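Structural description and commentary
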Amino acid sequence: MRILRAAEHAMLTQRGHLFHWVPVCLAMGIGGFFVLRFEPSGMMLAGTAALAGALWLLGRQMDEAFRPIPFALVLMLAGALLAAVRAHSVAGPVLGWRYYGPVEGRVVALDRSGSDAVRVTLDRVVIARVSPARTPLRVRVSLHGDGAGIDPQPGMRVMTTAHLSPPGGPVEPGGFDFQRHAWFNRLGAVGYTRVPLVGLEAAQDGWSLATFRLRMAMSSHIRAALPGDVGGFAAAVTTGDRSGISLATLDTLRASNTAHLLAISGLHMGLLSGFVLGLLRLVLAAIPGAALHWPVRKIAAAGALVAASGYLALSGGNVATERAYVMAAVALCAVMLSRRAISLRAVAMAAIIVLVLRPEALLGPGFQMSFAATVALVAVFGWMRGGVLTRGPRWIQPFVAVMVSSAVAGLATAPIGAAHFNTVSHYGLLANLASVPLMGLLVVPAAVLAGLLSPFGLDGIGLWLMGLGLRWILAVAAWVSGLDGARGYVPGPDPWVLPLIALGGLVVILWQGRARFGGLAAMALGVVLWAGADRPAALIAEDGGIVGVMTAQGRALSKDKGAGFVAQNWLENDGDGADQPRAAARWQGPETAARTKLATVGQVELVHLIGKRALAGFGRCTPQQVVVVSITPEGPLGDCDVYDPKRLRTTGAIALVQGRDGIRLRTARQVAGDRMWSGWAR
């Protein structure tokens, strides 16, 4: 009875703070939908909706203290249903085989691949010998080769001869699922071409791609005024076009933990909205009588909302920018409604809107890092209100605020960044302290000035000022990234580690009462589990093209080139800073024939046959061997497990894990399950 009364008291203490948990419960339901290893049927979804309704009615009848419990369950079920509806709403055909031949379509997106090649996304796709019902809604093609071709323009209809294939699965069991990512982006095929693009039809006038054309035109104008990486940086923060940034500069920004300045995120949207808000208030205050008779603050907030909406449209409206816009719009609407603009309630409302519109955003590092930083900042500055920030000379308070905000945001996002990108920037706080204030004091105001002067042909003044700030930021990034030990590497955690740390942090911030410190125990447990995570003893790529075996020196790769994306991801997930050639040099197993690699993994001998010559010279295998073949053999190789491209298409990538009973195999399909986007049967 005493325990029941204590629980009742704890729940009653949460009154007035329960709204903060609404997005948390939605997120738990969304996460639950995505970790399922099977696709829920229509009957199951209907049953889930019926259960949610029954729990809602039950909650209405319960005592006030415990009523939030069934309502929380309702929200979790609602989150799962939202994710299911979204997944079905974006469904489209996915190419089920490798294709080489003519491809034509309309250019709807331009960016750069990881190999720095121009990449075009096409819709209204036509593929030879493929019926419209089986043709993907969108395909993405990287442009390789030195042949002269047309410069793709937004809305232009183009044609080329391309290699296409279905979106690939995780590079290892439990890894990033590109198939799922492509599904929600409606990408039904990806590939490359070495044949020049041919223009079939010029871009048509109309509103459907008008913003895209304006973005690309502005980006070209900015890069012409500010050549090199500075112009690419300026284009990235104004139009969202990152194609002008070199890979070397991008790596420098990542090493110094300032790459977030490239993305049009909450920082940029907040700086722009805040600058426009302050500028409009100053302008209106200068009008005689306006400050006395007009709601100046609300008018300025409305103007800032218009500016933020224009920024959203200009940037292309990707997920990160949409999320930032929602957060800024909620704050500005709160100002117009005479509510507190920056509060945990406002952050919760923004999170709800984003999760309802794009439930899949929950799985991305952008959503996680953005809301982790925002929640931590709002909570910490709320706890410090009237404390250290108001002490000392007024001139030093902004510097203290910048230092505190950079430190808090860095600490809040560090586990998420390390889990997704496997790197830690040891001097990231230093780089951000030297860079972030300049974004607000010079870069963003200069961008607004350039926009205001553009109709008069004087935007060069604002762009010049903008370039000064961006050159400083790039110089700081280069200096910090060059310091000894600037970048560290950490292995990827098990799937439950990051949710455990996040939930623990939310309990610390959102729960009322002493029980909140239980969240610290959850966070500590997550860190311990992360530190004790074991990486697979061996990994096999989903096409059999490369194998990686863990050694005392790190993972040894069976190839020093080729399959670079897979190799890089394996090494990053190991927390290994080596490149592919260095990792390939670690291979110490015997090589019995041309491009035949042998390694011992526990009680298993792992054999990798690369190419026809290796397959022809191999002979027959034994039961103690696991043979990986990069091409499908014509007949059986013996009494052993053989993984060729045909079999790997049904299993996905494979991990050999050392267990108490010896080596066991774990496949990507076993971990990810059979979902509508996985396509194991294609």
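What counts and how
Residues numbered from 1 in each chain as written. Predicted model: local features only at pLDDT ≥ 70, side-chain atom pairs only at ≥ 80, totals over all residues. Heavy atoms only, no water. UniProt positions renumbered as here; feature names shortened; annotations may be inferred. Helix = DSSP H or I, 4+ residues; strand = E, 2+ residues; numbered from the N terminus. Rg over C-alpha atoms; globule rule 2.2 N^0.38 Å. Buried < 20%, exposed > 50% of the residue type's maximum accessible area, 1.4 Å probe, protein only. Areas by Shrake-Rupley, 256 points an atom, 1.4 Å probe, with all protein chains shown as cover. Lys, Arg positive; Asp, Glu negative; His and termini not counted. Charge placed at Lys NZ, Arg CZ, Asp CG, Glu CD. Pairing = 2+ DSSP bridges. 1 Å grid on protein atoms, 1.4 Å probe; cavity = no way out; pocket = protein on both sides within 12 Å on 5 of 7 lines; lining within 4 Å. Points joined across faces, edges and corners; volume = space filled by probe spheres on them. Salt bridge = Lys/Arg side-chain N within 4 Å of Asp/Glu carboxyl O. Axes fitted to C-alpha atoms, helices over the stretch in contact; angles between N-to-C directions. Contact = heavy atoms within 4.5 Å. Expected span 1.5 Å × (residues − 1). Core = buried A, V, L, I, M, F, W, Y, C linked by side-chain atoms within 4.5 Å. Nonpolar A, V, L, I, M, F, W, Y, C, P; charged D, E, K, R; others polar. Phe/Tyr/Trp six-rings, centres within 6.5 Å; stacked < 30°, edge-to-face > 60°. Lys NZ or Arg CZ within 6 Å of the ring centre and 35° of its normal. Parallel < 35°, antiparallel > 145°, perpendicular 65-115°, else oblique. Left-handed = near helix turned anticlockwise from the far one by under 90°.

Under an unreviewed UniProt entry, the name given to the protein chain is ComEC/Rec2 family competence protein, and the source organism is Pseudosulfitobacter pseudonitzschiae. Check the Subcellular location (unreviewed entry) section of the UniProt entry for the protein chain; it says "Cell membrane".

**Quick look at the overall build of the protein chain**
Secondary structure assignment for the protein chain yields 24 helices and 17 strands. The C-alpha radius of gyration computed for the protein chain amounts to 27 Å, which stays within 12% of the reference 26 Å derived for 682 residues, consistent with globular compactness. Overall, the protein chain is about 95 × 75 × 55 Å in size when its C-alpha atoms are taken along their principal axes. Counting the 682 residues in the protein chain, one finds 45% classified as buried. Carbon and sulfur atoms make up 63% of the accessible area of the protein chain, which amounts to about 33,500 Å² in all. Side-chain charges in the protein chain split into 60 positive and 38 negative, and the spacing between the mean points of these groups amounts to 8 Å.

**With respect to the pairing of strand 12 (residues 596–601)**
Counting buried positions along strand 12 yields five of six residues, so the element is predominantly enclosed. Note: strand 12 against strand 13 (residues 604–609), six bridges, orientation antiparallel. The residue bridging Leu598 from the neighbouring strand is Val607, located in strand 13. Hairpin remark: strand 12 followed by strand 13, antiparallel, with two residues in the connecting loop; positive phi at Gly602, about 65°.

**Side note on the layout of surface pockets**
Using a probe with the size of a water molecule, rolled over the atoms, empty space left in the structure can be pinpointed. Its boundaries defined by the atoms lining it, the second largest pocket holds a volume of some 590 Å³. The wall of the second largest pocket is formed by 25 residues, among which Met218, Leu314, Ala447, Val448 and Gly451 lie closest to the centre. Residue contributions to the lining of the second largest pocket peak at eight residues, all from helix 16 (residues 428–453).

**Here we look at the pattern of salt bridges**
Inspection of every chain in the model, using the stated rule, returns 14 salt bridges. Between Asp123 and Arg106 there is a salt bridge, with its nearest N and O atoms 2.8 Å apart. Placement of the pair is Asp123 in strand 2 (residues 118–127) and Arg106 in strand 1 (residues 99–112), with a sequence separation of 17 residues.

**As for the sheet that holds strand 16 (residues 654–659)**
Pairing is antiparallel in the open sheet, where five strands are placed in the order 11-10-9-16-17. Each end of this open sheet is capped by a strand with a single partner; those strands are strand 11 (554–557) and strand 17 (662–667). On average, adjacent strands in this sheet sit at an angle of 20° to one another, irrespective of strand direction. Pairing of strand 16 with strand 17 involves six bridges; the strand directions are antiparallel. The residue bridging Ile654 from the neighbouring strand is Thr667, located in strand 17. This element, helix 20 (residues 564–573), spans strand 9 (538–540), strand 10 (547–551) and strand 11 of the sheet and lies at about 165° to strand 11.

**Let's talk about helix 4 (residues 68–89)**
For helix 4, built from 22 residues, the straight-helix expectation of 32 Å at 1.5 Å per residue is met to within 8% by its first-to-last C-alpha distance of 31 Å. Taken as a whole, helix 4 has its buried residues at Pro68, Pro70, Ala72, Val74, Leu77, Gly79, Ala80, Ala83, Ala84, Arg86 and Ala87. On its buried face, helix 4 is in contact with helix 1 (2–13), helix 2 (22–35), helix 3 (42–61), helix 5 (178–184) and helix 13 (344–357).

**Regarding the nonpolar core**
With 38 residues, the main nonpolar core has Phe33, Phe371 and Trp677 as its most contacted residues. Going through the elements one at a time, helix 2, helix 4, helix 5, helix 12 (319–336), helix 13, helix 14 (365–384) and helix 18 (497–510) are the ones with two or more residues in this core. No other element matches the eight residues that helix 13 contributes to this core.

**Remarks on empty space enclosed by the protein**
Applying the stated rule across the entire model yields two cavities of 30 Å³ or more. Taken as a whole, the largest cavity holds about 50 Å³ of empty space. Around the largest cavity, the lining residues are Val90, Ala91, Gly92, Pro93, Val94, Leu137, Ala182, Trp183, Arg186, Leu187 and Gly188. Looking at the lining of the largest cavity, the elements with two or more residues in it are helix 5 and strand 5 (187–193). Per-class residue counts for the lining of the largest cavity are eight nonpolar, two polar and one charged.

**Some details on helix 13**
The terminal C-alpha atoms of helix 13 lie 20 Å apart, and with 14 residues this matches the ideal 20 Å at 1.5 Å per residue to within 8%. Here helix 13 has its buried residues at Leu344, Ala346, Val347, Ala348, Ala350, Ala351, Ile352, Val354 and Leu355.

**Things to note about the packing of aromatic side chains**
In total, this model carries seven aromatic pairs according to the counting rule given. On the basis of an interplanar angle of 50° and a centroid distance of 5.9 Å, the ring pair of Phe184 and Trp677 is categorised as tilted. Of this pair, Phe184 sits in helix 5 while Trp677 sits in the segment after helix 24 (668–672); the two residues are 493 residues apart in sequence, bridging distant segments of the chain. The same class applies to Phe184 and to Trp677, which are both buried. In textbook terms, an aromatic cluster arises when at least three aromatic residues are bridged by ring pairs, as seen for Phe33, Phe34, Phe184 and Trp677. Positioned above the aromatic ring of Tyr643 is the side chain of Arg647, whose terminal nitrogen or guanidinium carbon lies 4.1 Å from the ring centre. It is Arg675 that lies over the ring of Phe33; its NZ or CZ is 4.6 Å from the centre.

**Let's talk about the packing of helix 2 against helix 13**
Running from amino to carboxyl end, helix 2 crosses helix 13 at an angle of 30°, the nearest separation of the two axes being 8 Å. Our classification of the angle between helix 2 and helix 13 gives roughly parallel. For the crossing formed where helix 2 meets helix 13, the hand is left-handed. Across the interface between the two elements, Val22, Pro23, Leu26, Ala27 and Ile30 from helix 2 touch Ala348, Ala351, Ile352 and Leu355 from helix 13.

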